[in-house]
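# An overview of the molecular structure
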Amino acid sequence: MKQFAEWLSTTSSSVFIQNHNGWVIPTIQSIHIVGIAAVFGSVFMICLRILGWAGMDQTLRQTTSRFGPWLTGGLWLMLVTGILMVIGEPVRELVTFSFWLKMFLVAVSTVVVTIFQSSLRKHEQRWEDTLVQRGSIKGLAIVTFLIWVCIIILGRLIAYDHIWGSWSPATKA
Amino acid sequence: MDIDALLKFLEASGLAARIRDSVFLFPMIESTHVIGLALVFGTIAVIDLRLLGIASTQRSFHRMASDILKWTWGAFALTAAAHAQDYCGPGATIIEFMIGQIMMP
């Protein structure tokens, strides 16, 4: 991975970003945070609806159709800006424990959201009538929200990867 | 007020020393700040898009405001608290302090 990161840092697109580091990276990072707000805000609103703490004048389906597209759009925006940040600073991003744990959690939460959306489409009535009241579903909503909290913390920890001690590949190098 | 004296007072405070000495505290405070910021921005955007008539137009504004704004204020308090702690961290400079004042909504 370290070799790949070092190779990536010599490519022309990476060199371009490095040469304009004064504004390119901060701009991409800022757009990435706007993406976080869109995704995290949407997850928050859908979780609040499942928990019955907000949006109770709307059906579950109405809530997910309102916030689902923002969630998906935000995820795409974060994927694109995330890839650009990896190209711009490959070693800083890829040679960290925080980055890979974060990617694992992003994959988990994307799978959970996809299963939830397709299940809601197929069994809409069952979701509205019974499933949304189930404790296990409410628990799953809280877990999904907490996964996103962890994703945000891990994103920040990429800059502080040494706190993982020997788990961090950066400390070995 | 003498800003230099205030900054020196902050830097010398017990809280600042604890944040400086801890490996975890500063990144955790930053993360809390980002989490709060994302929630403030996300929930404000929901209200603003309704006001602009772009989304949720079939819902009453009053209903949405009473539904969502309490979460916005909660997230704002979290963000502000984390931000205040940031000032006590390493290198609280005058510029950082001033930028913080301008950026705080």
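None of the values given here were measured: they were computed from a predicted structure. (Residues numbered from 1 in each chain as written. Chains lettered and ligands numbered in written order. Predicted model: local features only at pLDDT ≥ 70, side-chain atom pairs only at ≥ 80, totals over all residues.)

### Examining the packing of helix H3 (residues 24-51) of chain A against helix H3 (residues 25-51) of chain B
For clarity, the threshold we go by: Only C-alpha atoms enter the line fits that serve as axes; for helices the fit covers just the stretch in contact. Angles between N-to-C directions range over 0 to 180 degrees. In this text, helices come from DSSP runs of H or I with a minimum length of four residues, and strands from runs of E with a minimum of two, each type numbered from the N-terminal end. Working rule for angles: under 35 degrees goes down as roughly parallel, over 145 as roughly antiparallel, 65 to 115 as roughly perpendicular, anything else as oblique. We call two residues in contact when the distance between their C-beta atoms, placed using the backbone, is within 7 Å. Following the grouping adopted for this structure description, the nonpolar residues are Ala, Val, Leu, Ile, Met, Phe, Trp, Tyr, Cys and Pro, the charged ones are Asp, Glu, Lys and Arg, and the polar ones are all others, Gly among them.
Following both chains from N to C, one finds H3(A) and H3(B) inclined at 70°, their axes separated by 8 Å at the closest point. When the axis of H3(A) is compared with that of H3(B), the two are roughly perpendicular. Residues Ile33(A), Ile36(A), Ala37(A), Ala38(A), Phe40(A), Gly41(A), Phe44(A) and Met45(A) of H3(A) pack against Val34(B), Ala38(B), Leu39(B), Phe41(B), Gly42(B), Thr43(B), Ala45(B) and Val46(B) of H3(B). Each residue belonging to the contact of H3(A) with H3(B) can be placed in one class, and the counts come to 13 nonpolar, 3 polar and no charged.

### Quick notes on the interface of chain A and chain B
Opposite the 19 residues of chain A that make contact, chain B presents 21 residues. Counting only elements with at least two residues in the side of chain A that touches chain B, the list comes to H3 and helix H8 (135-157) of chain A. It is H3(A) that contributes the most residues to the side of chain A that touches chain B, 8 residues altogether. In terms of residue class, the side of chain A that touches chain B is built from 14 nonpolar, 2 polar and 3 charged.

### Some words on the nonpolar core
Inclusion rule: The term nonpolar core means buried Ala, Val, Leu, Ile, Met, Phe, Trp, Tyr and Cys residues held together as one set by C-beta atoms within 7 Å. Three classes are used. A residue is buried when 20 or more other C-beta atoms lie within 10 Å of its own, exposed when 12 or fewer do, and partly exposed in between, with C-beta atoms placed from the backbone.
If you look at the biggest cluster of nonpolar residues, it comprises 35 residues, and the most contacted ones within it are Phe40(A), Val43(A), Ala38(B) and Leu39(B). Breaking this core down by element, the ones donating at least two residues are H3, helix H4 (60-88), helix H6 (97-122) and H8 of chain A together with H3 and helix H4 (61-87) of chain B. It is H3(A) that provides the largest number of residues to this core, a total of 12 residues. Contacts of Val43(A), omitting those with residues within four sequence positions, involve Leu71(A), Thr144(A), Phe145(A) and Trp148(A).

### So, the packing of H3(A) against H4(A)
Between two packed helices, the angle of one axis relative to the other and the distance separating the axes together describe the packing. All names here are of chain A. So the rule is basically this: For any helix crossing, the convention is left-handed if the near helix is rotated counterclockwise from the far helix by under a right angle, and right-handed if that rotation is clockwise.
Between H3 and H4, the least distance of the axes is 8 Å, while the angle of their chain directions is 155°. With respect to their mutual orientation, H3 and H4 come out roughly antiparallel. Two packed elements cross with a definite hand, and for H3 against H4 that hand is left-handed. Residue composition of the contact of H3 with H4, by class: 19 nonpolar, 11 polar and 1 charged.

### Comments concerning the environment of Val112(A)
All names here are of chain A. Examined against the element boundaries, Val112 turns out to sit in helix H6. Given 15 C-beta atoms within 10 Å, Val112 falls into the partly exposed group. When the C-alpha positions of Val112 and Ala141 are compared, they lie 9.8 Å apart, and in sequence the two are 29 residues distant.

### Points about H3(B)
Every α-helix carries 3.6 residues per turn, so stepping three or four residues along brings you back to the same face. What counts is decided by this rule: An expected span of 1.5 Å times one less than the residue number is assigned to each helix.
Taking 1.5 Å of rise per residue, 27 residues should cover 39 Å, and H3(B) covers 39 Å from first to last C-alpha, within 8% of that figure. Where H3(B) terminates, the next one or two residues include Gly53(B), which has phi positive at roughly 75°.

### Quick word on the confidence of the model for chain B
Residue and element names in this part refer to chain B. Rule in force here: pLDDT expresses how confident the predictor is about each individual residue, on a scale running from 0 to 100.
Per-chain confidence: chain B averages 80 in pLDDT, with 79% of residues scoring 70 or above. No element of chain B has a lower mean pLDDT than helix H5 (residues 94-103), which averages 49, and none a higher one than H3, which averages 92. Taken together, the chains of this predicted complex give a pTM of 0.85 and an interface ipTM of 0.86.

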